[in-house]
Every structure is written in C-alpha cells, then in structure tokens.
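Listed below, chain by chain, are the residues.
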Amino acid sequence: MLRKLFKFHGGVKPQTNKTESTTAPIGQVPLPDRLVIPLHQAVGGHPRPLVAPGDKVFKGQRIGGADGNLSSAVHASTSGIVRDVAPALMPHTSGLEALSVIIEPDGDDAWGQLDTINFRSAPPDEVRDYLRDAGVVGLGGAVFPSYAKLKPGKEGRLKTLVINGAECEPFITCDDLLMRERAPEMLKGIIAMRHMLQAEEVLIGIEDNKPEAVAAVQAAIAASGETGIEAVAIPTRYPAGGAKQLIRVLTGIEVPHGRRSTDFGVQCFNVGTAFSIYEALEFGRPLISRVVTVAGNVNAPRNYDVLIGTPMDHLVRLAGPRADTDRYIMGGPMMGVRLPRFDVPVVKATNCILVGSAALFPAPAPEMPCIRCGECAKACPADLAPFEMYWFSRAKNFGKAQEYHLFDCIECGCCSFVCPSHIPLVDYFRFSKSEIWAREREKEAADAARDRFEFKNYRQEREKQEKAEKLAAKAAATREKVAAEGAAPAADAPSAPAAKPKPSVDPAKLALIEAAMEKARQQKAQAAPKNTEVAAPEIKAEMAAIDARREAAGADKPADAPPASGA
Amino acid sequence: MINSPFVRKSASVQQVMLKVLLALVPGIAAYVWFFGAGILVQLAIASAAALAGEAAMLAIRGKPKAIFLTDLSAIVTAWLIALTFPPIVPWWLTVTGTLLAVVVVKQLYGGLGQNPFNPAMAAFCLMIVAYPALMSQWPAAGQLDFGTQLKLIFGGLRDVDAITGATPLDALRTALRGATNPDSPFHGLRASQLQDGPAFGMMGGKGGEWVALGYLVGGLWLIQQRIITWHIPAAFCGALFVVAGLMWGLHPDGFASPLFHLASGGAMIGAFFILTDPVSGATTARGKLLFAAGAAVLTFVIRAFGAYPDGVAFATLLMNILVPIIDMKTQAPVFGHKKD
C-alpha cells in the first residue's frame with residue numbers, strides 16, 4: 001500500500017556517508033578501566049546520587065534517583081566499586097563539569113535483582129514511574145524522559161504514534177543497525193507504547209536510503225501479526241528526522257513551536273527508545289547501554305553497543321582513528337557538538353562519535369556579507385527567514401528577531417549549510433537565544449529582588465503597626481485593671497492619671513484597642529481548650545493548678561495569650 | 001572553536017555572481033551580432049572602472065581587498081551598466097556612471113549586500129538626468145561599424161545626432177503622440193503601421209528583440225540554476241503584458257502591443273537581471289510578486305506617458321524604496337502557523 005506522504009518546506013541533501021559504518025554488525029566493547037556516569041543525562045531535574053565512594057554496585061543498580069517533576073534515573077552500567085562521586089568533564093562544547101559517579105568495574109558484569117512490570121495490567125502511572133526509574137529517555141538525541149511523553153492527550157487516546165527511524169544526519173547509522181538487527185524487540189517496545197498511549201495507528205518513518213532497515217521492520221511487523229503498524233519509507237532529505245518534520249511528512253500535521261504534539265493527536269519516539277522500553281519492561285533492564293556509531297576519520301567505521309559512561313577514546317580506539325584526528329564530534333556533522341577532550345564519557349545522548357580532522361571538516365571560507373539571496377529561507381524546514389533573523393541578531397535587536405520567530409528555529413544547520421556567504425547563521429541564532437534567556441533571567445532576578453524589597457517594607461510597616469496595636473491594647477488593659485481594682489478605693493488614688501488619658505485617646509484607637517482585646521480573648525478561649533485537648537491528664541492537672549494559682553494571685557492578663565508551645 | 005554544521009555546500013558569492021555573468025552572455029552575443037563589437041569595449045571600460053572604484057573604496061574603508069574584488073559583484077554591476085547605457089556613449093560617461101554606482105550607491109552605503117538601491121539603475125537614472133541627449137542616442141541595428149563606434153566612444157566623433165536615432169520605444173511613442181496631431185508628419189498613422197518601419201523587427205526593435213531573447217534564455221538558465229526564482233520575471237512580464245494589453249485592447253491605435261513592450265528596451269534584462277538583484281529587491285515570495293508587478297506598471301506608465309525613453313530604471317528605483325515595507329508585510333507564515 002502506498003501511503004500519501006507530505007512535504008516539509010526546505011531541507012538539504014548533504015552527502016550521507018552512511019554505507020561505511022553499516023557493513024559490520026553492531027559490535028561489543030571490552031569493559032573499560034573505569035566508567036564515568038554523569039548523573040544529569042536527561043532533560044529535567046538533576047538526579048540525586050544514591051551511592052557513595054567505596055560502595056559496591058551491581059549492573060543495573062540505580063545510582064541516581066529521579067528528582068522533581070521531570071527527571072530520569074541513572075544506573076550503574078556494570079558491576080564494580082564506586083570510586084568517586086565528583087564533578088567530571090561533560091561531553092559538551094562548553095567544557096563544563098557535572099556531578100558524576102565514577103565506577104571501577106569488577107569484571108563480573110553481574111546484574112542484580114531486576115523487577116519487571118506488566119504494562120497491560122499495571123496502572124499507567126505505575127508503568128510511567130517504573131520507566132522513569134529505569135532511566136528510559138529519548139535516544140534520538142533530545143534525551144527527554146520518555147515516561148513524561150507516554151501520556152495520551154486530553155481525550156485519553158491518540159490518533160498516531162510516530163516512531164522515528166529516519167536518521168537523517170550524515171554518518172550516523174545506529175538506528176539503521178538497530179532496526180536491521182533488533183526489529184522484533186523494538187516492535188515489542190512499540191506495542192507497549194501504543195498500549196500506553198492508546199494509539200490508533202503506528203507509523204514507523206524510515207528514510208528510503210535504509211532499505212534493509214525498512215525490510216527488517218516490515219518483516220517484524222508481518223511476523224508479529226499486529227495490525228495498524230506500518231513501516232513507511234520516506235524521502236531522504238535532511239532534517240526529515242526532526243520530530244516535527246517527521247510528523248509533518250507522515251501525517252501532514254504541523255505542530256507549532258511551544259505546543260504539545262499530543263494536542264494534535266500525535267506523539268513521536270525514536271526507534272532506540274522503543275528498544276530500551278522493551279528491555280525495561282520485558283527484563284527489567286534499565287537504560288545502561290546504547291548503540292553508538294563511530295564514524296568519520298577512522299579506518300573501520302562501525303556501530304557498537306556501548307555502556308553508558310565508557311570513555312569515548314576507549315571506544316574510538318576499536319575503530320582505528322587515523323593519525324591526523326584532531327577532534328571528536330558528538331552527533332552528526334549538521335547538529336553535532338565538538339567535544340572538549342577525547343576521554344569524555346558516552347552518555348544517553350551519544351548516538352554517534354564523529355571522529356574529525358581538519359581535512360575531513362575544513363574550516364569554512366571567510367564570512368562575507370549577506371546578499372539576501374534567500375538560499376537560507378529556501379532551505380529552512382521551519383519556514384523562517386534566517387537572513388532577516390541574522391540581520392536583527394547581528395544588530396542585537398532581539399525583539400525583532402523574536403518577531404521573526406527566532407524561537408521556532410530548530411538549529412538544524414540547513415541555513416549555514418547553504419549560505420553562499422559562509423555566514424554561521426545558526427551560531428547567530430544560538431547567540432540570540434541565549435542572550436534573550438540571559439536577559440529574561442536577569443529581569444526575573446530583578447523582579448524578584450524588587451518583590452523582596454517591597455515585601456520587606458510591607459512587613460516592617462505591618463510589624464510596626466502590630467507592635468503599636470499590641471502596646472495600645474496592653475496599655476488599655478492595664479488601665480482597665482487599674483480602674484477595676486481601684487474602683488472602691490477611688491478616693492485614695494490620684495484622680496488625674498485615671499481620667500487624663502481618656503479624652504486624649506481618639507475613638508478610632510479605642511475601637512482598635514477594643515478589637516485587639518476581643519481578639520486576644522478569643523485567642524485565649526480557643527487556645528485553652530486546644531492545649532488541654534492534646535495534653536496528658538497529669539499535665540492538665542498541672543495546668544489547672546497554675547490557673548488556680550494565677551486566679552488567686554489576680555495576675556491574669558488578657559493580652560497575654562498562653563504560649564502556643566503548650567505541652 | 002567552530003560550531004555545527006561542520007559540513008557546508010560548496011557555494012559562494014563569487015559562484016553566484018559568475019553564473020549571473022554567464023547568463024548575460026547570450027544577450028551580449030546577440031548584442032554584438034546586431035549592433036557591433038562596440039559593446040564589448042563598453043563592457044571592458046565599465047569593468048575596469050568598477051574594479052578601480054571598488055579597490056579605492058575598500059582601501060579607504062579598510063576592508064580586505066582580495067576577497068571583495070574577486071567576488072565579481074562589481075563586474076555584474078559594470079556589465080549591467082554597459083548593457084543598459086547606449087553602446088556609443090563616450091567612455092567618460094560610462095566611467096562616471098560606473099563609479100557613481102560602485103562608489104556612491106554601493107560602497108558608501110556599506111558595500112556588498114548593503115545597498116538599498118540597484119547600483120546600475122541608480123547610475124542609469126543619474127546619467128539620464130545629467131546627460132539626457134547622450135543617454136538617448138541609440139544606433140539602429142547594423143547602422144554603425146566598429147570603427148565609428150570606437151570613434152564615438154573615445155571622442156573622435158562629436159556629431160552624434162546626425163547618425164543615430166532614438167530607441168524604437170521612443171520613436172513609437174513620439175509617433176503615436178503625433179498621430180493625433182494634425183500638424184505632425186505622423187498624423188493619422190496607426191501603431192501597427194508605424195511598426196512596419198525599418199527600425200522595427202517582428203515584435204520589438206530590430207535586433208533589440210534578439211538581444212531580449214538572449215536575456216530571456218540566460219534568465220531561464222538562472223532560474224534552472226536556482227540563482228533566481230520565477231517570481232520576479234513572471235510577475236514583471238505578466239503584469240507588463242496585462243497592463244499594456246489592456247491599454248492596447250482599449251485603444252489599439254494609441255498604444256503599442258504588449259508583445260512590443262516585452263521585447264523592447266530593458267524589459268527582459270530588467271525582469272531577469274535587474275529586478276532580481278537580491279540585495280535591493282524583495283525577498284519573500286509574495287513580496288517578489290508585488291515588487292515586480294509594481295515595477296511593471298510603473299515601467300508601462302513611464303514608457304507610455306513619461307518623458308524618458310524607457311521606464312525600467314526609474315521603476316526599479318521606485319520599487320527599491322518600497323522593498324523594506326513589502327518584505328515586512330509579506331512574511332510567510334512559519335511552520336505550524338499556516339492556514340491550510
């Protein structure tokens with residue numbers, strides 16, 4: 001059956017360079033000397049460390065607990081000893097460090113006790129919690145916690161579940177090989193996701209430069225006997241593997257920036273994620289490894305099943321890096337990030353280690369002025385006008401840049417790819433976005449500071465007033481008491497102090513005092529039974545005795561409510 | 001550290017400009033065939049002046065010379081000037097026009113990519129205002145041999161009026177205006193009869209229509225090469241055809257046919273090479289249509305009712321003024337915000 005496919009605007013066709021790494025099957029990697037497992041590997045809150053240096057961990061043991069509304073657990077990739085829980089360099093251009101668990105493998109690679117869950121019988125919330133604790137995140141590169149996406153929309157069901165096997169970035173073939181070798185398992189994961197989302201149909205989108213993968217997935221679907229699941233070959237055009245672009249190609253729906261795709265009846269997952277969900281649900285194995293492509297400036301480009309935390313140079317050594325290697329790029333040449341060092345760890349987001357050299361990825365020609373030729377706009381898959389956004393970004397006119405939909409930019413790199421003036425357009429947009437975020441944060445901080453200041457003023461004012469009221473009430477009470485006590489011997493007391501303050505106190509103040517006294521009485525009335533309620537009998541007796549003593553002494557001041565601490 | 005993307009298409013400004021120059025070659029070939037090799041001399045003079053002006057300005061502005069002198073953008077401007085000016089203007093006029101275009105209209109506004117006006121058309125307008133007589137003398141096809149042309153260009157021959165006439169566009173307009181005047185020698189003539197004259201070819205001016213065809217061929221190749229899009233040429237030709245056709249249909253004796261308008265003057269070079277200048281033209285799809293249609297209407301109005309032989313240059317500048325607002329108001333909806 002031929003399905004009607006839709007087009008997304010723009011896109012480019014860079015040289016794919018995919019065949020070299022697909023000749024050999026997915027390889028295994030010998031255990032490295034140590035694993036560096038960053039705790040924060042997914043979108044959302046930073047997981048808290050659950051282990052301490054010296055702890056023995058088994059393979060699959062949770063070492064970082066999900067924290068907050070959106071967070072995903074992290075696990076030990078093999079059995080061994082925790083050597084340290086300390087900041088380590090991240091696989092990111094920034095060169096920043098993040099809290100990581102450093103494990104020295106014991107060589108046994110022994111799993112611990114693994115719990116499974118039946119996704120059909122267990123309540124959906126429990127399955128989601130289970131997947132959160134299994135550390136399953138989107139393996140397409142966005143590393144968004146999958147459990148948070150496994151919720152059907154408002155209607156409780158979904159029209160289409162899109163599975164992303166497009167893999168449009170040049171050089172990367174990890175999804176291709178996964179589909180070729182593990183299609184039946186991946187399909188089981190898809191069936192589980194479909195169940196959780198109550199999805200009517202499942203469309204597995206695969207670029208048509210991967211015929212083996214399409215055939216393998218189709219065979220798996222046929223063998224499973226499932227209906228409503230279809231593997232669709234889509235035209236090869238970068239960035240067809242962008243979630244929004246793939247949804248557009250398969251369903252015709254355009255999910256606008258800032259909207260949930262479930263509002264449109266669609267949800268999208270990567271094929272690797274589907275496989276990880278299968279592993280978690282079927283065997284209770286958390287996400288501790290993934291398929292990683294090693295390609296580029298190596299003698300034998302290949303895919304490997306890699307434990308999370310494996311130092312990249314340990315992995316790349318297997319593929320034989322050439323002598324002139326000067327960089328590793330995580331991801332593909334279009335959107336990948338250049339890494340600060342060779343020994344950074346493989347993380348859940350590592351779909352590819354692109355080994356580079358100055359010869360393979362030459363520096364771009366010098367930047368020329370923009371001639372407004374519009375090539376970038378023709379290539380933009382988000383239908384933006386990059387040359388306009390560039391103009392405003394350069395002028396630091398961020399408001400205007402946003403008016404031209406800066407935040408709809410998916411940073412796919414198509415504009416930079418085609419620009420005849422060699423302008424690094426995406427860099428300008430990244431710069432603008434981060435500037436805008438920084439300014440918003442500054443503004444928020446300023447707003448918060450102002451709020452704090454205003455509240456402090458208000459509090460001081462209020463405290464002053466309360467103090468004045470309290471004082472006034474106290475004074476009035478004292479006067480009353482004095483008046484009551486001295487009612488009989490009025491003649492002895494000097495008449496002036498008793499009578500004098502009366503006319504000087506204005507009626508409003510008197511009313512306030514009256515109100516405060518009333519409040520105090522009420523408080524006392526409320527507080528007394530409350531305290532005695534919780535008090536033990538002997539304490540009650542003691543309190544009664546104190547009350548009696550107080551009454552006898554005639555020192556019961558109405559403004560002094562009994563202390564709240566009570567018993 | 002260089003960020004992604006790490007790969008790039010092999011494209012450059014130089015490549016774009018080179019393709020524009022190549023696309024002009026069929027038109028130039030027809031020009032040489034019908035009007036003589038004098039135009040090649042003008043192309044050389046203009047190119048040299050453009051490079052000299054560009055080099056001087058780059059030096060004054062402290063900009064890198066090698067990269068900007070070889071981007072070929074100044075040569076494109078120079079060629080457009082040479083091809084739109086009459087082929088027998090004196091060399092100093094070509095030089096002055098080219099220097100104005102490169103130094104004032106382009107470099108003083110910030111150089112490549114920064115000029116709000118099309119440099120070649122701005123130069124044309126300035127020159128036609130400053131030297132209306134010299135800028136209105138067009139030899140007929142095959143009228144002048146190369147030697148005479150050289151003498152005219154380098155000042156050996158002064159008496160221009162004696163040997164050249166106005167463009168067919170100009171001639172036709174003068175004649176048509178005379179047709180309603182009882183004192184005019186053209187009294188009572190119809191447009192169709194006028195076009196039977198020796199200066200006219202099948203559609204436009206004799207020879208000129210073949211040059212226009214050359215521009216059309218080169219322009220279509222530019223579309224095929226994805227250097228320009230179809231919007232501007234289609235909208236310009238379409239709108240010019242419709243407006244001219246409407247007037248001609250209503251009053252066939254008073255106006256030239258729409259095909260004559262398309263095949264004459266700067267219509268074709270304007271549609272494919274001048275209005276399509278990305279720097280000074282509209283950039284959105286709808287904006288390009290508006291921009292070119294507006295230029296076509298203005299071109300017709302200037303041709304039919306104005307005082308200048310052709311209207312493309314003034315129409316281009318007038319529409320250049322409107323480009324910022326046209327672009328701003330015609331931004332296409334972005335992904336996810338389209339109304340299907």
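Conventions adopted
- Residues numbered from 1 in each chain as written.
- Chains lettered and ligands numbered in written order.
- Predicted model: local features only at pLDDT ≥ 70, side-chain atom pairs only at ≥ 80, totals over all residues.
- Helix = DSSP H or I, 4+ residues; strand = E, 2+ residues; numbered from the N terminus.
- Rg over C-alpha atoms; globule rule 2.2 N^0.38 Å.
- Buried ≥ 20, exposed ≤ 12 C-beta atoms within 10 Å, placed from the backbone.
- Contact = placed C-beta atoms within 7 Å.
- Nonpolar A, V, L, I, M, F, W, Y, C, P; charged D, E, K, R; others polar.
- Pairing = 2+ DSSP bridges.
- Expected span 1.5 Å × (residues − 1).
- Axes fitted to C-alpha atoms, helices over the stretch in contact; angles between N-to-C directions.
- Parallel < 35°, antiparallel > 145°, perpendicular 65-115°, else oblique.
- Left-handed = near helix turned anticlockwise from the far one by under 90°.
- Core = buried A, V, L, I, M, F, W, Y, C linked by C-beta atoms within 7 Å.
- Domains from an automatic or database assignment.
- pLDDT = per-residue confidence, 0-100.

### Description of the overall build of chain A
- Looking only at helices and strands, chain A has 16 helices and 17 strands in total.
- For 567 residues, the compact-globule estimate of 2.2 N^0.38 gives 24 Å, and the C-alpha radius of gyration of chain A, at 34 Å, exceeds that figure by more than 25%.
- Principal axes of the C-alpha set define a box for chain A whose edges measure 115 × 60 × 50 Å.
- A total of 567 residues make up chain A; the buried ones form 45% of that total.

### Quick look at the overall build of chain B
- Across its full length, chain B holds 15 helices and zero strands.
- Taking all 340 residues of chain B together, 52% fall into the buried category.
- Taking all contacts inside chain B whose residues are at least 6 apart in sequence as the whole, residues at least 24 apart take part in 74%.

### Topic: the interface of chain A and chain B
- Counting from both sides, the interface comprises 43 residues of chain A and, opposite them, 30 residues of chain B.
- Those elements giving two or more residues to the side of chain A that touches chain B turn out to be strand 16 (337-338) and helix 11 (414-418) of chain A.
- No other element matches the three residues that helix 11 of chain A contributes to the side of chain A that touches chain B.
- Taken together, the residues of the side of chain A that touches chain B break down into 26 nonpolar, ten polar and seven charged.

### Some points on the sheet that holds strand 6 (residues 74-75) of chain A
Residue and element names in this part refer to chain A.
- The sheet built from three strands is open, its strands ordered 3-5-6 with antiparallel pairing. Because the sheet does not close on itself, it has two edges, and the strands there are strand 3 (48-49) and strand 6.
- Where strand 5 (residues 62-65) meets strand 6, two bridges bridge the pair, whose relative direction is antiparallel. Within the sheet, the bridge partner assigned to Gly 64 lies in strand 6 and is Val 74.

### Brief notes about the pairing of strand 17 (residues 352-356) of chain A
Residue and element names in this part refer to chain A.
- The element strand 17 is extensively covered by neighbouring structure, given that five of its five residues are classed as buried.
- Of the two faces of strand 17, the one carrying Cys 352, Leu 354 and Gly 356 and the one carrying Ile 353 and Val 355 are both buried.
- Pairing between strand 13 (residues 289-296) and strand 17: four bridges, direction parallel. What sits directly across from Ala 295, in strand 17, is Leu 354.
- Across four bridges, the pairing between strand 15 (residues 327-330) and strand 17 is antiparallel. Residue pairing in the sheet places Tyr 328 in a bridge with Val 355 of strand 17.

### Some thoughts on helix 4 (residues 211-224) of chain A
Residue and element names in this part refer to chain A.
- Between the first and last C-alpha of helix 4 there are 20 Å, a value that for 14 residues agrees with the 20 Å anticipated at 1.5 Å per step.
- Looking at the buried residues of helix 4, the elements they touch are helix 3 (174-197), strand 10 (199-207) and strand 11 (229-234).
- Once helix 4 ends, the next one or two residues include Gly 225, with phi positive near 75 degrees.

### Points about the sheet that holds strand 8 (residues 97-105) of chain A
Residue and element names in this part refer to chain A.
- Strand order in the open sheet formed by four strands is 2-8-7-4, with antiparallel pairing between adjacent strands. Edge positions in the sheet fall to strand 2 (35-38) and strand 4 (56-57), since each has one partner strand and no second.
- The pairing of strand 7 (residues 80-89) with strand 8 spans nine bridges and is antiparallel. Looking at the pairing, Leu 89 lines up with Glu 97 of strand 8.

### With respect to the packing of helix 2 (residues 38-61) of chain B against helix 4 (residues 73-84) of chain B
Residue and element names in this part refer to chain B.
- Where helix 2 contacts helix 4, the two axes come as close as 8 Å, and the packing angle between them is 140 degrees. Overall, the two elements helix 2 and helix 4 adopt an arrangement that is oblique. Relative to helix 4, helix 2 is oriented so that their crossing is right-handed. Note on element contacts: helix 4 touches helix 2 through Ala 74, Ile 75, Thr 77, Ala 78, Trp 79, Ile 81 and Ala 82, opposite Ile 39, Gln 42, Leu 43, Ala 46, Ser 47, Ala 49, Ala 50, Leu 51 and Glu 54.
- Tallied by class, the residues present in the contact of helix 2 with helix 4 amount to twelve nonpolar, three polar and one charged.

### Regarding the environment of B:Trp138
- Note on placement: B:Trp138 falls in the loop between helix 6 (119-130) and helix 7 (146-153).
- Taking the C-alpha atoms as reference points, B:Trp138 and B:Ala293, 155 residues apart in sequence, are found 27 Å from one another.

### As for the pairing of strand 12 (residues 266-270) of chain A
Residue and element names in this part refer to chain A.
- Burial within strand 12 is extensive, with five of its five residues counted as buried.
- Where burial is concerned, the two faces of strand 12 agree: the one with Val 266, Cys 268 and Asn 270 and the one with Gln 267 and Phe 269 are both buried.
- Pairing of strand 9 (residues 158-164) with strand 12, which is carried by five bridges, proceeds in the parallel orientation. Note that in strand 12 the partner of Ile 163 across the bridge is Phe 269.

### Remarks on the nonpolar core
- Grouped together as the largest cluster of nonpolar side chains are 249 residues, with contacts concentrated most on A:Val217, A:Ile353, B:Phe236 and B:Ala292.
- Lining this core are residues from two domains, each supplying at least three of them: domain 1 (19-356) and domain 2 (375-435) of chain A.

### A short note on the environment of B:Leu169
Residues and elements named next belong to chain B.
- You can see Leu 169 is positioned in helix 8 (residues 168-179).
- In this structure the C-alpha to C-alpha distance between Leu 169 and Pro 309, which are 140 residues apart in sequence, comes to 6.4 Å.
- Those residues in contact with Leu 169 that lie beyond four places of it in its chain are Ser 264, Gly 265, Arg 303, Pro 309 and Asp 310.

### Quick look at the confidence of the model for chain A
Residue and element names in this part refer to chain A.
- This prediction gives chain A a mean pLDDT of 89; 92% of its residues lie at or above 70.
- Mean pLDDT in chain A bottoms out at helix 13 (residues 495-499), which sits at 48, and peaks at strand 14 (residues 302-307), which reaches 97.
- The low-confidence segment residues 495-501 (pLDDT under 50) makes three contacts with residues lying over four places distant or belonging to another chain.

### Comments concerning the packing of helix 9 (residues 386-394) of chain A against helix 12 (residues 425-485) of chain A
All names here are of chain A.
- Running from N to C, helix 9 and helix 12 cross one another at 55 degrees; their axes reach a closest spacing of 9 Å. One way to sum up the angle between helix 9 and helix 12 is to call them oblique. In this structure, helix 9 meets helix 12 at a crossing whose hand is left-handed. Side by side, helix 9 and helix 12 meet where Pro 386, Met 389, Tyr 390, Ser 393 and Arg 394 of the first sit next to Leu 425, Tyr 428, Phe 429, Phe 431 and Ser 432 of the second.
- For the contact of helix 9 with helix 12, the per-class residue count stands at seven nonpolar, two polar and one charged.

### Section: unusual backbone geometry
- Look at the link from A:Tyr238 to A:Pro239: it is a cis peptide, with omega at -5 degrees.
- One can find A:Pro239 in the loop between strand 11 and helix 5 (243-251).
- Here the residue pair B:Ser4 and B:Pro5 is connected by a cis peptide bond, since its omega of -5 degrees sits within 30 degrees of zero.
- Counting through the fold element by element, B:Pro5 comes out in the segment before helix 1 (13-35).
- We note that A:Gln198 has phi near 50 degrees; this positive angle belongs to a residue other than glycine.
- Of the residues examined, A:Gln198 has 14 C-beta atoms within 10 Å and is grouped as partly exposed.
- Even without glycine at this site, A:His405 takes up a positive phi of about 65 degrees.

### Considerations on the environment of A:Gly413
- Among the structural elements, A:Gly413 can be located in the loop between helix 10 (398-403) and helix 11.
- According to the C-beta neighbour criterion, A:Gly413 is buried, with 29 such atoms within 10 Å.
- Considered as a pair, A:Gly413 and A:Lys474 are 61 residues apart in the sequence and their alpha carbons are 74 Å apart.
- When residues no more than four places from it in sequence are discounted, the contact partners of A:Gly413 are A:Met334, A:Met335, A:Val426, B:Ser4 and B:Pro5.

### Some remarks on helix 11 (residues 231-250) of chain B
- Helix length check: helix 11 of chain B, at 20 residues, gives a terminal C-alpha distance of 28 Å against a target of 28 Å (1.5 Å per residue), a fit within 8%.
- For helix 11 of chain B, the elements touching its buried residues are helix 10 (208-224), helix 12 (258-263), helix 13 (267-274) and helix 14 (285-305) of chain B.

### With respect to the confidence of the model for chain B
Residue and element names in this part refer to chain B.
- Counting all residues, the mean pLDDT for chain B is 88, and 86% of those residues have values of 70 or more.
- The weakest mean pLDDT in chain B belongs to helix 9 (residues 191-194) at 60; the strongest belongs to helix 4 at 97.
- Across the assembled chains, the prediction reports ipTM 0.88 with pTM 0.82.

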